[in-house]
Amino acid sequence: MWKNFPLFPERASAWAWQVDGLYFLLVAVSAFFTLLIFALIFFFAVKYRRSVHPHAVQIEGSLPLELTWTLIPLGISMVFFAWGSLIYFQQARPPKDAMEVYAVAKQWMWKFEYEGGQRDINELHLPVGRDVKMIMSSQDVIHSFYVPAFRIKADVLPGRFTTTWFRPTKTGTYHLFCAEYCGTEHSGMIGQVIVMEPAAYQAWMSGGSSTGTLASNGQQLFQQLGCSTCHRFDTQGRGPNLAGVFGKPVMLDDGRTVVADENYLRESILNPGAKVVSGFKPIMPTFQGQVSEENLMALVAYVKSLAQPQGKGTDGNEAAAPGASNTQ
Amino acid sequence: MATAVQTVERENYLNANYGIKSWLLTTDHKRIAMLYLISITAMFWIGGFFAMMIRLELLTPAGDLVSSDTYNKLFTMHGIVMVFFFLIPSVPAVLGNFLIPLMVGAKDLAFPRVNLLSWYLYMAGGITALTAMVTGGVDTGWTFYTPFSTTYSNTHVIGAAVGIFIAGFSSILTGLNFIITIHRMRAPGMTWRRLPLFCWSNYAAALIMVLGTPVIAITLLLVAFERAFHIGVFNPQLGGDPLLFQHLFWFYSHPAVYIMILPGMGVISEIVTCFSRKRVFGYEFVALASIAIAVLGFLVWAHHMFVAGISVYAALVFSLLSYLVAIPSAVKVFNWTATMYKGSIRYNTPMLYAFGFIGLFTVGGLTGVFLASLGIDVHVTDTYFVVAHFHYVMVGGMVMAYMAGLHFWWPKMTGRMYPEGWAKLSALLVFVGFNTTFFPQFILGYMGSPRRYHAYPPEFQVLNVLSTAGSSILAVGYVLPMIYFLWSLRYGEPAPPNPWNAVGLEWMTSSPPPTHNFDETPVVTWEAYDYENQPQEEVTIGH
Amino acid sequence: MATSDIQVAEHALQHHFADMEQQRETSTFGMWMFLLTEIMFFGGLFCVYLVYRAAYYTAFVEGSQKMNIWLGATNTAVLICSSLTMALGVRAAQMAKPKLMIALLLITILFGLGFLGIKGIEYHEHWVNHEFPGPNFHFVTGDPEHPATDAQHTEIYFSLYWAMTGLHALHMIIGVGLVLWIVLAGMRGAFTPHYYNPVENVGLYWHFVDLVWIYLFPLLYLISKKHGG
C-alpha cells in the first residue's frame, strides 16, 4: 500500500500487524481529539469574536464537565495501556523452542553467531516462519538492536546479556539499525536482516562454519581455560556440577535462590564472588579480562547444552555429551 | 497618528539608575529578569544555530556537510543549550522573575540577593558549557549515557557536565525563591484561591526545580568524577551498572520537561482569560492540575527506558503512570477551550500564539500517549517519532507560550508596544514553519528512521527535505520578533499601564513599573480574573 | 540597651519585608527549603550506594573492614559535640549574651576543623594503601589468611566512600566558613535578641551536615558480615 509515499515499514513479523493496528487506532483517536480541539477553538474564536459578541458571559466552571473530560480520556487511555502491554508481554516471553542467535555489538558493527557456529558481520540470515531469540551483549558502550520491519527493538548492554525474540513471516531483506547513540559511526552501524525460505536457509547454513558449533567451541574453551578442573560432572569437583544447571533455581550461600539464566552464567564467569553456590567455597578465580564477549557466548551456549545428570536431556537441546569418562 | 509623547519620563525601574554597575549589582527582580532575557535570547540563537546546521546536513542522505564527529557534537550541543540553558530557565527566569512579585502584590521576591546569585550562576554555567563547546565540543548526546560518556568519549564531557551542574543551582535557587515568595509575600487579601494561575503554574514548576534538580546535579558530578578521578560507579568493567545512570538521569530529566511546560501553561491561562474577557473555566481544576502534573511527573521516568533492559513489571507500572500524567494536561486543554465559550475574543498576537499552543500542545501531548503504550514505544523509541513528539510539546508548546508571554507583557516590561501587524505575521510563519518542520518527522519515525543519525537510507530523503524547508520558515518567524522587539524599544508606541484591559495586580501599576512596584501595597478584595467588573473600554493601541 | 537592640533589628529589616517577623519567617522557611534540596542531592548518592550494596554485599563488607572505626567514631562524637555547641550558641544569641555566643561558635569551628583534620588522616591512610579508585587501585584485605572474595567490586565501594565523604567534607568546609561569618558579624554587634535569625539558619545548616554524617558513619564503617543486615 502507498508504495510511493509509505507511512509504515513492511510488516515482516508475527506481531507487526498488532503494533500497526494499535498505532492506527491511536492515530484515529488522536486525530479525532486534535480536530475537535482545533474546530472548537476556531468555532469559538469566530462565533464569539469581539465585534459580534462584545460581552462575555462569566461561567465559573462545571463539575460534571470536568469529570467527563477527566474520566473519558482516562478510560480511553486504559484501552491503549492494555493493548500495548499485551504486545509487550508477548515480546518479553520467547518460546522455549526458539532458535537462538547470539549477537555481539561493538563500535560500530554487529557480529552474529549462530548455534551451528556460523558467523555473520552486519548481516543476519534467518529462516522464515521460525521463532528466533536474540541473546546479545556489547563489547563497549550501549547499542540497540532495531529492525523496523519486525517492530522490535532492544538495547544491547555491556556487562550483561539482553534478549529479544520475533518470528519473521515474510521473506525479504530488511533494515537493521543501531538505535542507541554509540559514538562516531553510530549511523554507520547498520546492516541487513535477510529472511529466506527454509530451503535457501539450509543451503546457506551448510556453507557454514569451519570451527564447529557454538556449543562445541564452548566445550573447547571450557577445557582450555581450566574450568573442567573444578567443574566436574561428578560430585568430586571443587565447583558445582554444571550438567542441567541452566534454567533451574540455584541456592546460594547467603540463603537467596536465583534462577541460572544466561546472565547468571555470565556473572559466574566474570565475578564469581558475587553469588556463591551454597555448600561451596568462594575460591573460583575471575575470568574478567580473559574472555571476550564471543567466548562468553560460546561458554554459555555450551553450559546450556549440557543435559541433566544421568542423561536426561529434557528439552531437545543438543546434549553435547561431555563423555562418560571425561575428567581432567 | 502619533500619540502624544510625554516630555518628562516617569521614574521607573529602567531609568531609576544608570550605569553598568547598577545593572550587574542590582537586586531588583525586574532588572534581573531583563538580564536573563538578554542571556536567554543569546542561548536561543546559539542553540538555533546548531539546529540549522543539523537540518542542513540532513538535506542529503549521505553525511557530506560535516564529519560524523562534528554532527554528533552538533546535536549534543543543540540539546544541551536548548534544554538546560533555554527551555528550563526561559519563562520562570524572565517572566516569572518579573511578574511573580507584581502578581502577588509584593515589592520583590523573598530573597533578592539570591535572585541575583541565580543569574550569576546561570552565566557561569553557561559560559563554562559554551567554552567546552567552543574548545572542542561534546558528543555524548544531551543524555550523557554511560559508559560512552564516562569512558569512551574523547570530548569535553567534564566541561559540559560542570556547566550544567552550575546552572542547575541557578534553577534550584530560582525555584526556592518562587516557592517562598508565593507562600510568604502575598499582599493582604491575596488568598491562594485568588492567585493568578501563572503563579500556580510557576509554583508547581518550582517544586520540581527544587526537588529534582539536585539529583541530576549529583549524577553529572559522578560522571565528571568518573572521567577525572576514575571513581567508577558507572563503569561496567568494574561492575558498574549503565542502567543506574539512566534511572538517576531520567529521575530529574523527565520532571524537567514539566519544569519547562508548566510555566508556559501558566502564561496561556493568563492570555486566554484576558483575550476572552472571562475567568478561566474551572479555575480550581486548572490550579490543581498543575500540582498533579508536578507530583505525577516524578513517577514516570522509566518510560524512557522501556527497551533499555528493565523488567516487564517495572515497564507496566511506568506505562500506567505515564497515562495518568497525561490526564491533567488534557483537563487544562479542555478548560482553556471552554474558557473561550461565550467569551469575547480578541485576536491580538498573544492570543494567536495561545491558539497555536493549545492546538500544537494537544498534538504533542497525544503523541506522548503513543509513547506511553509499550507495544508502540518498542517500535518508535529512539526514532524521529520521539524527536517530533518532544519538539511539538517544547517548540510548538513551550516556545510558543514564551513568545505569547513576551508579547503580552512586553508593554509592561518595557513601556512600549510592539508592532501588531508584524507580530501577527511572525506568529503565522512560526505556526506554518513549525508544522512543516516537525510533522514529517512523525512519519519518518514510524518508518524506522533512527534519531541521532548523521547519514540515513535514501528512502527517507523526501521527508527530510520537507522538514528542512519548514525549518527555514520557522527561522524567519523567530528572526522577525528579534528585530521588531529591538525596534520597539526606541520607536514603539508608549504603553499605558493596562493596554489589554486585563485583570491582575501587575496591570495596576505603571508600564514600566517603578522599582518598588507599587506606590502603596495593594489590598485585594476581588476574585481572580474578575472580568465581570472590569471595564471593557475600547483598546486604542495595538488592535 | 533595649533601644539600641531594636535599632539594630530595624536596621537589619530589608526593604521588601513588611516587618521583622515576616523577614524572619521567610528566611527560616528558605533555609529549610534549601536543606530539602540538599537531602535530594545527597539522596542521589545514597541511592547509588544502596543499589550497589545490594548487588555486591561481599565487596562492601570487605571494603568496610578497611575503615578505621575508632577514627570514624571519634569524628562522630566530635560532630555531635559541635552540634551541641552550635545549638547553645544560638541560645546565647537569643539570651542577649553575645560574648558567650562567640565563644561557643568558635568552639564549634574548632570541632569542625578537628573533624576535617581526622578525616585528612584517614584519607592519607587510604591513599597510601592504594585505596583510591583508578589505575593505582589495589585492594588487599590486610589479612593473609583471608584474601578478598570480591576484590574487583571493592573499587565501587571505595568510589562511593570517597565521593560521599568528600562531598560531606566540602559541606563541612562551607559550614565552617558560614559559622566564621556569623562570629565576625557577632563581633560587630550585629545580633540581638530581636535579630539573630542568621545564627539560627546557620545552625540549621550545621545540624544538617552533622545529620548526614550520622548516616554515613554506619553505612560506610559498620557494615555487618551478615547479609540481610
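Calculation rules
Residues numbered from 1 in each chain as written. Chains lettered and ligands numbered in written order. Predicted model: local features only at pLDDT ≥ 70, side-chain atom pairs only at ≥ 80, totals over all residues. Heavy atoms only, no water. Helix = DSSP H or I, 4+ residues; strand = E, 2+ residues; numbered from the N terminus. Buried < 20%, exposed > 50% of the residue type's maximum accessible area, 1.4 Å probe, protein only. Areas by Shrake-Rupley, 256 points an atom, 1.4 Å probe, with all protein chains shown as cover. Expected span 1.5 Å × (residues − 1). Pairing = 2+ DSSP bridges. Axes fitted to C-alpha atoms, helices over the stretch in contact; angles between N-to-C directions. Salt bridge = Lys/Arg side-chain N within 4 Å of Asp/Glu carboxyl O. Contact = heavy atoms within 4.5 Å. Buried area = accessible area lost by both parts, 1.4 Å probe. Polar contact = N/O pair within 3.5 Å; in protein donor to acceptor, adjacent residues only side chain to side chain. Nonpolar A, V, L, I, M, F, W, Y, C, P; charged D, E, K, R; others polar. Phe/Tyr/Trp six-rings, centres within 6.5 Å; stacked < 30°, edge-to-face > 60°. Lys NZ or Arg CZ within 6 Å of the ring centre and 35° of its normal.

A. Structural view of the overall build of chain C. Helix and strand counts for chain C stand at seven helices and zero strands. Beginning at the N terminus, the succession of helices and strands in chain C can be written as α-α-α-α-α-α-α. The principal-axis extents of the C-alpha atoms in chain C amount to approximately 75 × 30 × 30 Å. When burial is assessed residue by residue, chain C has 51% of its 229 residues classed as buried. With the model as given, the accessible surface of chain C reaches about 10,700 Å², and the carbon-plus-sulfur share is 69%.

B. Representation of helix H15 (residues 420–447) of chain B within the structure. Across its 28 residues, H15 of chain B extends 41 Å between first and last C-alpha, which sits within 8% of the 40 Å expected from 1.5 Å per residue. After H15 of chain B finishes, the residue Gly-448 of chain B shows a positive phi value of roughly 110 degrees.

C. Unusual backbone geometry, seen in detail. Residues and elements named next belong to chain B. Going from Thr-146 to Pro-147, the amide bond is cis rather than trans, its omega being -5 degrees. For Pro-147, the position within the fold is in the loop between helix H5 (112–134) and helix H6 (148–152). For the peptide bond that leads from Ser-511 to Pro-512, omega is -10 degrees, which places it in the cis range. Structurally, Pro-512 is set in the segment after helix H16 (461–491). Its identity is not glycine, yet Arg-277 carries a phi of approximately 55 degrees, on the positive side. Along the chain, the position of Arg-277 falls in the loop between helix H9 (242–276) and helix H10 (283–297). Under the relative-accessibility criterion, Arg-277 is labelled buried at 1%. Notably, Asn-517 is not glycine yet its phi reads approximately 70 degrees, a positive angle. The class of Asn-517 is buried, set by a relative accessible area of 0%.

D. Just the sheet that holds strand E9 (residues 172–178) of chain A, in detail. Residue and element names in this part refer to chain A. Pairing is mixed in the open sheet, where five strands are placed in the order E4-E10-E9-E6-E7. The sheet is open, and its two borders are formed by strand E4 (123–127) and strand E7 (152–156), each paired with just one other strand. For this sheet the average axis-to-axis angle between neighbouring strands, irrespective of direction, equals 20 degrees. Pairing of strand E6 (residues 143–147) with E7 involves five bridges; the strand directions are antiparallel. From the neighbouring strand, Ser-144 faces E7, where its bridge partner is Asp-155.

E. View of the pattern of salt bridges. Residues and elements named next belong to chain A. Under the counting rule described, the total for this entry stands at 20 salt bridges over all chains. The partner of Asp-20 in a salt bridge is Arg-151, and the shortest N-O contact between them spans 2.7 Å. Taken together, the positions of Asp-20 in helix H1 (residues 16–47) and Arg-151 in the loop between E6 and E7 put the pair 131 residues apart, joining distant regions of the chain. Here Asp-20 and Arg-151 have matching classes, each one buried. Taken together, the shared-partner salt bridges connect Glu-100, Lys-133, Glu-262 and Lys-304 into one network.

F. How the structure looks around the sheet that holds strand E3 (residues 119–121) of chain A. All names here are of chain A. As summarised here, the arrangement of the five strands in space is E3-E2-E1-E5-E8, forming an open sheet in which the pairing is mixed. Since the sheet does not close on itself, it has two edges, and those belong to E3 and strand E8 (162–166), each with one partner. The sheet shows a mean angle of 25 degrees between the axes of neighbouring strands, taken without regard to direction. By the bridge criterion, three bridges tie strand E2 (residues 109–114) to E3 in an arrangement that is antiparallel. From the neighbouring strand, Phe-112 faces E3, where its bridge partner is Asp-120.

G. Highlighting the interface of chain B and chain A. Taken together, the 95 residues of chain B in the interface contact 83 residues of chain A. Counting each side, the surface lost to burial between chain B and chain A is near 7,500 Å², with a carbon and sulfur contribution of 67%. At the surface where chain B touches chain A, the tally comes to one salt bridge. A salt bridge links Arg-279 of chain B to Glu-60 of chain A; the nearest nitrogen and oxygen atoms lie 3.1 Å apart. At the surface where chain B touches chain A, the tally comes to 34 residue pairs in polar contact (both at pLDDT 80 or more). Looking at the side of chain B that touches chain A, the elements with two or more residues in it are helix H3 (68–87), H6, H9, H10, helix H11 (312–340), helix H12 (349–372), helix H13 (374–380) and H15 of chain B. Of the residues belonging to the side of chain B that touches chain A, the class tally is 54 nonpolar, 26 polar and 15 charged.

H. Layout of the interface of chain C and chain B. Counting from both sides, the interface comprises 35 residues of chain C and, opposite them, 38 residues of chain B. Together chain C and chain B conceal approximately 3,100 Å² of surface at their shared face, both sides included; 75% is due to carbon and sulfur atoms. When the buried surface of chain C facing chain B is broken down by residue, His-16, Met-40 and Phe-41 of chain C rank first, second and third, together holding 19% of it. Counting across the chain C and chain B interface gives one salt bridge. A salt bridge links Arg-184 of chain B to Glu-25 of chain C; the shortest N-O distance between them is 2.8 Å. Linking chain C with chain B are eight residue pairs in polar contact (both at pLDDT 80 or more). Those elements giving two or more residues to the side of chain C that touches chain B turn out to be helix H2 (20–55) and helix H6 (151–187) of chain C.

I. Representation of the packing of aromatic side chains within the structure. Under the definition given, this model contains 94 aromatic pairs over all chains. Ring geometry for Phe-225 of chain B and Phe-229 of chain B: centres 5.8 Å apart, planes at 45 degrees, overall tilted. Of this pair, Phe-225 of chain B and Phe-229 of chain B both sit in helix H8 (residues 197–229), four residues apart, roughly one helical turn. Of the residues examined, Phe-229 of chain B reaches a relative accessible area of 41% and is grouped as partly exposed. Ring centres of Trp-487 of chain B and Tyr-491 of chain B lie 6.0 Å apart, and the angle between their planes is 40 degrees; this geometry places the pair in the tilted category. Here Tyr-491 of chain B and Trp-487 of chain B lie together in helix H16, a separation of four residues that amounts to about one turn. The class of Trp-487 of chain B is partly exposed, set by a relative accessible area of 42%. By the ring-pair criterion, three or more aromatic residues cluster together here, those being Phe-8, Tyr-23 and Phe-24 of chain A together with Phe-370, Phe-385, Tyr-392, Phe-434, Phe-438, Phe-439, Phe-442 and Tyr-446 of chain B. The residue whose ring lies beneath Arg-266 of chain A is Phe-161 of chain A, and the NZ or CZ to ring-centre distance is 5.0 Å. We note Arg-31 of chain B situated over the ring of Trp-23 of chain B; from NZ or CZ to the ring centre the distance is 4.2 Å.

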